[in-house]
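# Summary of structural features
Letter by letter, the chains look like this.
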Amino acid sequence: MTLLRDIKAIQRNDPAARSIEFLLYSGFHAILIHRFTHLLWKCKIPLIPRLLSQIARFLTGIEIHPGAKIGKGFFIDHGMGVVIGETTEIGDDCVLFHNVTLGGTGKHKGKRHPTIGKNVMIGTGAILLGPIKVGNNVRIGANTFILMQDVPDNTTVVGTPGKIVKMNGKSVSIKLPPSKVRQTNAAKRNRLYPLDSRMEL
């Protein structure tokens, strides 16, 4: 059923996909291999999942860590240059265009990559870094940069740094809120160093 949803996602999102042409799509090859490597990863099989993911990267130009959790109906359009980190979580019916990065900041342990909700579209060249949360029904524009900031449901975000330009169908201009992880770290830091709340976190 998951594979069928992935095929339907290609046909729904790409008008150029005719009949069985989806079999030629690098994004389809990448997610097909990932579905298999993720099963091996969950079974704690060493080395092989990472080896297969690196082969997939070589063949498709798309890097998906086998630890990433990806929902049904996932579609990568064109695909080249997409990077999806180990602790990334992606909900159902999401679309990524080429050169999208769902990465880490290098300053977190454990959960360190984005969590993406359902029905999210991320445009070409967008970069999302850190254990941030992107809500449901979100559109992120091409070349948008988001660092340690959460994205609410039902919004459109564009720019560098990203800002909300549409919310619940209405045009707005709102800064993105800091991620809850960042706020939690700030609170802990202020308890430890109450006299220096200005320290960079």
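Up top is the structure these notes are about.
Residues numbered from 1 in each chain as written. Predicted model: local features only at pLDDT ≥ 70, side-chain atom pairs only at ≥ 80, totals over all residues. Heavy atoms only, no water.

### Let's talk about the overall build of the protein chain
Filter applied, for reference: Numbering of helices and strands runs from the N terminus; a helix is a DSSP stretch of H or I covering at least four residues, while a strand is a stretch of E covering at least two. The globule rule used here is 2.2 Å times the number of residues to the 0.38 power, and the radius of gyration it is set against is calculated over C-alpha atoms. Accessibility here uses a 1.4 Å probe with only protein chains present; expressed as a share of the type maximum, an area under 20% marks a residue as buried, one over 50% as exposed, and anything in between as partly exposed. Here, residues are in contact when the closest pair of their heavy atoms is within 4.5 Å.
From N to C terminus, the protein chain includes four helices and 16 strands. Taking 17 Å as the expected radius of gyration for a compact globule of 201 residues, we find that the protein chain reaches 18 Å, a close match to that expectation. Taken along its principal axes, the extent of the C-alpha atoms in the protein chain is 65 × 45 × 25 Å. Of all 201 residues assigned to the protein chain, the portion counted as buried reaches 41%. The contacts of the protein chain with a sequence gap of at least 6 include a subset with a gap of at least 24, amounting to 34%.

### Focus: the sheet that holds strand E5 (residues 89-90)
Quick reminder of the rule: In short, DSSP must find at least two bridges between two strands for them to pair.
Reading across the sheet, the four strands line up as E2-E5-E8-E11 and stay open at both edges, with parallel pairing between neighbours. Edge positions in the open sheet fall to strand E2 (69-70) and strand E11 (133-134), since each of these has one partner strand only.

### A look at the packing of helix H2 (residues 26-42) against helix H3 (residues 48-60)
Defined as follows: What counts as an axis is a line fitted to C-alpha atoms, over the stretch in contact for a helix, and the angles between N-to-C directions run from 0 to 180 degrees. We call two directions roughly parallel when the angle between them is under 35 degrees, roughly antiparallel when it is over 145, roughly perpendicular when it lies between 65 and 115, and oblique otherwise. Ten residue types, Ala, Val, Leu, Ile, Met, Phe, Trp, Tyr, Cys and Pro, are classed as nonpolar, four, Asp, Glu, Lys and Arg, as charged, and the remainder, Gly among them, as polar.
Put simply, H2 and H3 touch, their axes get as near as 9 Å, and they point 175° apart. Taken as axis vectors, H2 and H3 run roughly antiparallel relative to one another. Facing Ser26, His29, Ala30, Ile33, Phe36, Thr37, Leu40 and Trp41 of H2, the residues of H3 in contact are Ile48, Pro49, Arg50, Leu52, Ser53, Ala56 and Thr60. Among the residues making up the contact of H2 with H3, the classes are represented as nine nonpolar, five polar and one charged.

### Re the packing of aromatic side chains
Rules: A pair of Phe, Tyr and Trp rings is counted when the ring centres sit within 6.5 Å of each other, with Trp represented by its six-membered ring. The angle between the planes then sorts it: under 30 degrees is stacked, over 60 is edge-to-face, the rest tilted.
According to the stated counting rule, one finds one aromatic pair in the structure shown. A centroid spacing of 5.3 Å and a plane angle of 85° characterise the contact between phenylalanine 22 and phenylalanine 28, whose relative ring orientation is edge-to-face. Residue phenylalanine 22 shares its accessibility class with phenylalanine 28, and that shared class is buried.

### Some points on the packing of helix H1 (residues 2-13) against H2
Threshold: We call a crossing left-handed when the near helix sits turned anticlockwise from the far one by less than a right angle, and right-handed when that turn is clockwise.
Closest axis-to-axis distance for the H1/H2 pair is 11 Å, and the angle between their directions is 165°. When the interaxial angle is binned, H1 and H2 end up roughly antiparallel. Considering how the two elements wind past one another, H1 and H2 form a crossing that is right-handed. Residues Thr2, Leu3, Asp6, Ile7 and Ile10 of H1 form the contact with H2, whose own contacting residues are Phe28, Ile31, Leu32 and Arg35. Its residues assigned to classes, the contact of H1 with H2 comprises six nonpolar, one polar and two charged.

### Topic: unusual backbone geometry
Along the chain, threonine 160 connects to proline 161 via a cis peptide bond; the corresponding omega equals 0°. For proline 161, the position within the fold is in the loop between strand E14 (155-158) and strand E15 (163-167). One non-glycine residue with positive phi stands out, namely asparagine 119, at about 55°. Secondary-structure assignment places asparagine 119 in the loop between strand E8 (115-116) and strand E9 (121-122). For asparagine 168, which is not a glycine, the phi torsion comes out positive at approximately 50°. The topology assignment puts asparagine 168 in the loop between E15 and strand E16 (170-175). The exposure class of asparagine 168 is exposed, given its relative accessible area of 56%.

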